[in-house]
Amino acid sequence: MKRNPIINVKTAITDRFLKADNFPTKKNNPLLISSQNSNEKIHTKIKKSFLRYNCENLKDKKIIETVLKGYEKTHKGIYLSESEFILKLHEIDEFFNLEEEDVIRYILYRYKYNKFPLLKTLDNYPPCIQIEPTSVCNLRCIMCYQSDKTFSGKSNGFMGFMKFDLFKKIIDEIEGKIEAVTFASRGEPTLHPELDKFLNYCKDKFLALKLNTNATLLNEKKIHSLLSSDLQQLVLSIDEKNKENYEKIRVNAKFEIIMKNLKMLKEIREKHYKKSKLRIRISGVKVNTSQSIEGHNEFYKEFADEVILVDYGPWESAYDEPVNEIKEPCTELYRMMYVWYDGKVNPCDFDYKSLLAKENVKDNSIKSIWKSDYYSKLRDLHMSKQRKQLEPCKRCTNS
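In short, a report on the structure. (Residues numbered from 1 in each chain as written. Predicted model: local features only at pLDDT ≥ 70, side-chain atom pairs only at ≥ 80, totals over all residues. Heavy atoms only, no water.)

With that settled, consider a positive patch on the surface. On the surface, Lys59, Lys177, Lys367 and Lys371 cluster together into a patch of positive charge. Within the secondary structure layout, lysine 371 lies in the loop between helix 13 (366-370) and helix 14 (373-383). In this structure lysine 371 comes out as partly exposed when scored by relative accessible area, which is 39%. (Patch = residues over 30% accessible without salt bridge, like charges linked within 9 Å, V, L, I, M, F, W, Y side chains within 5 Å. Areas by Shrake-Rupley, 256 points an atom, 1.4 Å probe, with all protein chains shown as cover. Salt bridge = Lys/Arg side-chain N within 4 Å of Asp/Glu carboxyl O. Lys, Arg positive; Asp, Glu negative; His and termini not counted. Charge placed at Lys NZ, Arg CZ, Asp CG, Glu CD. Helix = DSSP H or I, 4+ residues; strand = E, 2+ residues; numbered from the N terminus. Buried < 20%, exposed > 50% of the residue type's maximum accessible area, 1.4 Å probe, protein only.)

Rendered as structure tokens:
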């Protein structure tokens, strides 16, 4: 597939961690700065909660002890070992918004999310699960699977909407097992006619419920639904501050509608949801060298708590990319599980046509799939530097 000429950056290995520049309105917020003072407060809060927490799981107990040790070493100016861990910028802000009873849950979740993929440690469940309410999208963004007509064409069999009974089956299993649940993937979640019902069913079940949207379909009703839900993060996919450039990237979208929706979201949030802990992130993809995080921040800072431009990955042409020489095992095999609208389970969304998918949550549990022989085989091939045996792993730059 020929790359769109607007895309003039090289494929990069994505940096998952937010930096101070990604917090345009809170650069001087002491809770966002990993200072000695905030580290001491975090250590004290974790220790106090740990003493009250009835931790019967020995592995979880060891994780909390490891985290406490990390903070003690940081206080003394000693480098952390590979297994030790302290919270990063955006995590610090989330941490200080936690209720007392959720502190240990949060630390366990963030440790598993950040460290298990690096240490190649497996739990019974993935640290994060991404659920696709629908694979249908109203846009054809130049860096997205949807621009691949062999995928998005109606006759190709990839388009559909998740049924509530299937969604309920997934949520019922993972409640209390997984904290990070994201509504996203190949389609636009706000197109789903029962999204309200999905969100309501998740109430009080997770610490990190997130939804990604291109923001084109927001209206007053949908905004109230999102802001009154149990979402902890709402991610708006917007890449440009210039109308012409934005519409070249987000094909079928109108910049005026986006700006109108952002203003409506801001007004409703400020008027009706002042005490909400939901965080709004504007997240774009850096497809062109003319895009800058500074310009993005300055333009969108009034609408979001965090602003970020992630590195471009060739999601629109995964199967046509050249085979690369990367031999490092992919961290997604230890961090994420992707569940498509039809229940099909995939190790990653780079493989948007599901060449790697062998299991379905209609037939098997999340736990059994995550610990299955097939998933073990994928991990073994990656760990033995045999990514080239797998399609499209051999074309992917993630590690």
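Right, let's get into the nonpolar core. Ranked by internal contacts, the top residues of the largest apolar core, which has 116 residues, are Ile46, Ile129, Ile170 and Phe183. It is helix 4 (residues 103-119) that provides the largest number of residues to this core, a total of nine residues. (Core = buried A, V, L, I, M, F, W, Y, C linked by side-chain atoms within 4.5 Å.)

As a further point, take helix 4. Relative to the 24 Å expected for 17 residues at 1.5 Å per residue, helix 4 spans 23 Å between its end C-alpha atoms, a close match to the ideal helical length. The buried count for helix 4 comes to 14 of 17 residues, which makes it a mostly enclosed element. (Expected span 1.5 Å × (residues − 1).)

A few words on the environment of alanine 357. Positionally, alanine 357 belongs in the loop between strand 8 (344-346) and strand 9 (359-360). For alanine 357, a relative accessible area of 14% puts it in the buried group. The contact partners of alanine 357, leaving out residues within four places of it in the chain, are Lys344, Val345, Asn346 and Asp351. (Contact = heavy atoms within 4.5 Å.)

This part covers the pattern of salt bridges. Going through the model one piece at a time under the given rule, you end up with 29 salt bridges. A salt bridge links lysine 112 to aspartate 123; the nearest nitrogen and oxygen atoms lie 2.9 Å apart. Of the two residues, lysine 112 is situated in helix 4 and aspartate 123 in the loop between helix 4 and strand 1 (128-131); the sequence distance between them amounts to 11 residues. Owing to a relative accessible area of 16%, lysine 112 belongs among the buried residues under this scheme. For aspartate 123, a relative accessible area of 24% gives the class partly exposed. Each of Asp93, Arg279, Arg281 and Glu306 takes part in a single network of salt bridges with overlapping partners.

On to the sheet that holds strand 2 (residues 180-183), then. Where strands meet in a sheet, backbone hydrogen bonds hold them as pairs that are either parallel or antiparallel. Taken in spatial order, the nine strands make up an open sheet running 6-5-4-3-2-1-7-8-9, and their pairing is mixed. The strands lining the two open edges of the sheet, one partner per strand, are strand 6 (306-311) and strand 9. When strand 7 (residues 336-339) meets strand 8, the two strands line up antiparallel, connected through two bridges. Bridge pairing links tyrosine 338 to asparagine 346 in strand 8. Relative to strand 5 (residues 279-286), helix 10 (residues 255-272) is tilted by about 160 degrees, and along the sheet it contacts strand 4 (233-236) and strand 5. (Pairing = 2+ DSSP bridges. Axes fitted to C-alpha atoms, helices over the stretch in contact; angles between N-to-C directions.)

Where two cysteines share a covalent bond between their sulfur atoms, that bond is called a disulfide. Counted according to the given criterion, the structure contains zero disulfides. A disulfide-free cysteine, cysteine 137 has its sulfur positioned 6.1 Å from the sulfur of cysteine 141, the nearest such atom. The buried category is assigned to cysteine 137, whose relative accessible area is 16%. Cysteine 396 supplies the cysteine sulfur nearest to cysteine 348, a cysteine that is in no disulfide, at a spacing of 5.9 Å. With relative accessibility at 14%, the residue cysteine 348 sits in the buried group. (Disulfide = S-S within 2.5 Å.)

A few words now on the packing of aromatic side chains. All told, the structure shown has 22 aromatic pairs when counted by the stated rule. Ring geometry for phenylalanine 299 against tyrosine 300: centres 4.8 Å apart, planes inclined by 80 degrees, an arrangement best described as edge-to-face. We classify phenylalanine 299 as partly exposed; its relative accessible area is 32%. Ring pairs connect the aromatic residues Tyr145, Phe151, Phe158, Tyr319 and Tyr352, which therefore count as one cluster. Residue placement shows lysine 205 over the ring face of tyrosine 201; its charged tip is 4.4 Å from the ring centre. The cationic tip of arginine 379 hangs over the ring face of tyrosine 334; the distance from NZ or CZ to the ring centre is 5.6 Å. (Phe/Tyr/Trp six-rings, centres within 6.5 Å; stacked < 30°, edge-to-face > 60°. Lys NZ or Arg CZ within 6 Å of the ring centre and 35° of its normal.)

Our next topic: the environment of proline 126. For proline 126, the location among the structural elements is in the loop between helix 4 and strand 1. Sequence separation between proline 126 and isoleucine 308 is 182 residues, and the spatial gap between their C-alpha atoms is 25 Å. With residues near it in sequence (within four places) discarded, proline 126 still touches Ile178, Arg335, Met336, Met337, Ile366 and Trp370.

Inspection of helix 8 (residues 220-227) places Ile223, Ser225, Leu226 and Leu227 among the buried residues, and these make up the whole buried set. Each element contacted by the buried residues of helix 8 is listed here: helix 7 (195-201), strand 3 (208-213), strand 4 and helix 10. Between the side-chain oxygen at the start of helix 8 and the backbone nitrogen of lysine 221 there is a gap of 3.2 Å, and the oxygen is on asparagine 219. (Polar contact = N/O pair within 3.5 Å; in protein donor to acceptor, adjacent residues only side chain to side chain.)

Let's shift gears to the side chain of histidine 382. For histidine 382, the location among the structural elements is in helix 14. Given the relative accessible area of 2%, histidine 382 is considered buried. Excluding its chain neighbours within four sequence positions, the residues that come into contact with histidine 382 are Lys327, Pro329, Cys330, Leu333, Arg387, Leu390 and Cys393.

The next thing to look at is unusual backbone geometry. Put simply, glutamate 391 and proline 392 share a cis peptide bond, and its omega is 10 degrees. Locating proline 392 in the fold gives a position in the segment after helix 14. We note that lysine 120 has phi near 60 degrees; this positive angle belongs to a residue other than glycine. Mapped onto the elements, lysine 120 comes out in the loop between helix 4 and strand 1. The exposure class assigned to lysine 120 is partly exposed, which follows from its relative accessible area of 24%. Backbone geometry at serine 185 places phi at a positive 130 degrees, although glycine is not the residue there.

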